[in-house]
Amino acid sequence: APRGNSLNRMSMSNEAGEVNELLTAQFKEAIGLALDLENDMVFVTDLSGSIYRCHLDGFERTLIYQGKEGQGFTGIAYVEEGID
């Protein structure tokens with residue numbers, strides 16, 4: 001079963017059983033998710049005002065922004081620069 005405050009992955013084609021894979025955890029109420037599939041990255045925000053980045057397999061998780069107390073995020077969008 002998925003674990004709270006974590007980033008999980010599950011195959012949608014697995015008919016025999018739902019296998020959930022924990023990628024990374026210990027968020028403070030994770031709520032936003034954006035994917036950069038071209039660069040194999042995922043961005044996650046939480047209600048503590050943090051923005052994290054890691055690879056789609058969960059490795060190399062990095063805190064890339066820490067907001068002020070009470071400055072939570074409720075979402076995130078990834079936009080590639082230079083797109084017309």
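Here's what I pulled together on the structure shown here. (Residues numbered from 1 in each chain as written. Predicted model: local features only at pLDDT ≥ 70, side-chain atom pairs only at ≥ 80, totals over all residues. Heavy atoms only, no water.)

A few words now on unusual backbone geometry. Phi is positive for Q26, which is not a glycine, with a value near 70°. Within the secondary structure, Q26 is located in the loop between β2 (20-25) and β3 (30-36). Look at Q26 and you get exposed, because its relative accessible area is 69%. We note that E29 has phi near 65°; this positive angle belongs to a residue other than glycine. Within the secondary structure, E29 is located in the loop between β2 and β3. (Helix = DSSP H or I, 4+ residues; strand = E, 2+ residues; numbered from the N terminus. Buried < 20%, exposed > 50% of the residue type's maximum accessible area, 1.4 Å probe, protein only.)

Turning our eyes to something else, we now look at a nonpolar patch on the surface. On the surface, L33, L35 and L37 cluster together into a nonpolar patch covering about 310 Å² of accessible area. Mapped onto the secondary structure, L33 falls in strand β3. (Patch = residues over 30% accessible without salt bridge, like charges linked within 9 Å, V, L, I, M, F, W, Y side chains within 5 Å. Areas by Shrake-Rupley, 256 points an atom, 1.4 Å probe, with all protein chains shown as cover. Salt bridge = Lys/Arg side-chain N within 4 Å of Asp/Glu carboxyl O.)

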